[in-house]
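Below, each chain spelled out in residue letters.
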Amino acid sequence: MFESQDRVGGRLKAHRSVNGSFDLGASWFWPGETRVAELIRELGVPTHAHHLAGDALFHTADGVQRIDGNPIDVESGRFTDSAESLVEHLAERLVDIIFLKTTVVKIAQHGETLTVTHTTGSLNARHVVLALPPSVAVGTIEIEPALPDQLGALAASTPVWMGEFAKVVVVYADAFWRNNGLSGSAISHLGPLREIHDMSGVGYRPAALFGFVPLDPDVPAPSVQQVIEQLVALFGPEAGQPLEVVVKDWRAEAHLSSLGANQATPGQTYGHRAFQEPAFGGRLHWASTETATQSPGHIEGAIGAAERAVQTILSNR
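Residues numbered from 1 in each chain as written. Predicted model: local features only at pLDDT ≥ 70, side-chain atom pairs only at ≥ 80, totals over all residues. Heavy atoms only, no water.

Visitor: Help me get a handle on the pairing of strand S14 (residues 182–188), residues and values and all.
Guide: Here S14 lies mainly inside the structure; 6 of its 7 residues are buried. Pairing of strand S5 (residues 55–60) with S14, which is carried by 4 bridges, proceeds in the parallel orientation. Counterpart to Phe58 in the pairing with S14 is Ile187. Across 2 bridges, S14 lies against strand S15 (residues 195–198) in antiparallel orientation. For Ile187, the partnering residue across the bridge sits in S15 and is Glu195. What sits between S14 and S15 in their antiparallel hairpin is a turn of 6 residues, with Gly191 showing a positive phi close to 75°. (Buried < 20%, exposed > 50% of the residue type's maximum accessible area, 1.4 Å probe, protein only. Helix = DSSP H or I, 4+ residues; strand = E, 2+ residues; numbered from the N terminus. Pairing = 2+ DSSP bridges.)

Below is the structure:
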């Protein structure tokens, strides 16, 4: 397994500090997602329910409206030590075959063999699994011979899930919004955060809010000051005293984001039937969450896509 970064996990990424662990990528898993539930059970990864109780807020140019109850959030689960811990537990079983800081630059077919060239050498394989978004794969890896025009265009136009967003985590000494009967959830039409949720851990510790910022290609990520000003407008002066503010702009991740594809319509490309069949005569497999037919964009979708690739390989050995 070749990983271009210095860690495993991809978009399952945690920010860890003296204040706790906080998800900068995927945060939730959902009812009915059986694959991720089974993996959590098998690996013994601690989880807890996402906080729902309290009122939500709605923010427009007319002001802040308090909504009775919380229609924004739904029942879901969270990883107590971050979603990245799920992959870290799994990687402990695969440590001898994971090569970090090793970037694949070319995949070439020679009959029934695929030659994979990477930054420290090359190897030959019967099957190759692309566990990265299709648009990133075709944008960063030379594939020889070229993929069929229709498949290549589909891969290039498939947006990276959440690739055009920044995620912001704001850590506090306590979850003061809960003391005020608020859930921590808000929808804002003024920004920069358009959607806000509670990210506190078990027993209110650590206490945090997080939100998503949609970004156009030439728009910089919001400043800490902009974020705090918005949270003060929503939650009051106590929001102006954070312990820590982390802004993660996913556009800056060269091997996780593909800006050229972000304007495509996910409903037209995610889980596309062309991704269900491997290329190169059944030897080059698509296995990112964007290629899943169920729960695309979720952790569940990534597991399902990987499961499909493995089953196809085992049936064609």
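Visitor: Give a detailed account of helix H4 (residues 149–157), specifying residues and quantitative values.
Guide: Within the sequence span of H4, burial applies to Leu151, Gly152, Leu154 and Ala155. Buried positions in H4, seen along its axis, are confined to an arc of 160° and lie on one side of it. Set apart from the buried face of H4 by more than 90 degrees, the exposed residues are Asp149 and Gln150. (Arc of directions from axis to C-beta.)

Visitor: Provide a residue-level description of the side chain of His59, including the pertinent values.
Guide: Within the fold, His59 resides in strand S5. With residues near it in sequence (within four places) discarded, His59 still touches Val64, Ile187, Ser188, His189, Leu190, Gln230, Ala233 and Leu234. (Contact = heavy atoms within 4.5 Å.)

Visitor: Break down the side chain of Asp73 for me, with residues and values.
Guide: Its place among the elements puts Asp73 in the loop between strand S6 (63–67) and strand S7 (77–79). For the buried Asp73, no salt bridge exists, and the shortest N-O distance to an oppositely charged side chain is 8.9 Å, to Arg78. Within the local environment of Asp73, its side chain forms a polar contact with the side chain of His50, the two groups lying 3.5 Å apart. (Lys, Arg positive; Asp, Glu negative; His and termini not counted. Salt bridge = Lys/Arg side-chain N within 4 Å of Asp/Glu carboxyl O. Polar contact = N/O pair within 3.5 Å; in protein donor to acceptor, adjacent residues only side chain to side chain.)

Visitor: If you had to explain the environment of Arg16 to someone new, which residues and values would you point to?
Guide: As for its position among the elements, Arg16 is in strand S1 (residues 14–17). Here Arg16 falls in the partly exposed class, since its relative accessible area comes to 39%. Separated by 66 residues in the primary sequence, Arg16 and Ser82 have C-alpha atoms spaced 9.1 Å apart. In terms of polar contacts, Arg16 uses its side chain to reach the side chain of Ser82, at 3.3 Å.

Visitor: Pulling in residues and values, what's your account of helix H1 (residues 34–43)?
Guide: Among the residues making up H1, those that are buried are Val36, Leu39, Ile40 and Leu43. Taken around the axis of H1, the buried residues stretch over an arc of 100°, which confines them to a single face. Opposite the buried face of H1, by more than 90 degrees, sit the exposed residues Thr34 and Arg41. Contact partners of the buried residues in H1: strand S3 (28–29), strand S4 (47–49), S7, helix H2 (84–91) and helix H9 (299–314). Immediately downstream of H1, the backbone of Gly44 shows phi near 70°, a positive value.

Visitor: Mind laying out the sheet that holds strand S9 (residues 113–118), listing which residues take part and the relevant values?
Guide: Sheet architecture is open: 4 strands sit in the order S10-S9-S8-S12, paired in mixed fashion. What marks the edges here is a single partner per strand, and that holds for strand S10 (121–125) and strand S12 (142–144). Within the sheet, the average angular offset between the axes of one strand and its neighbour, ignoring direction, is 15°. For S9 and S10, the ladder comprises 5 bridges, and the chain directions are antiparallel. Within S10, the position partnered with His118 by the bridge is Gly121. (Axes fitted to C-alpha atoms, helices over the stretch in contact; angles between N-to-C directions.)

Visitor: Residue-level account of the environment of Gln230, with values.
Guide: Tracing the sequence through the fold places Gln230 in helix H6 (residues 224–235). Taking C-alpha positions, Gln230 is 9.4 Å from Gly240, a pair spaced 10 residues apart along the chain. With residues near it in sequence (within four places) discarded, Gln230 still touches His59, Ser188, Gly191, Pro192 and Leu193.

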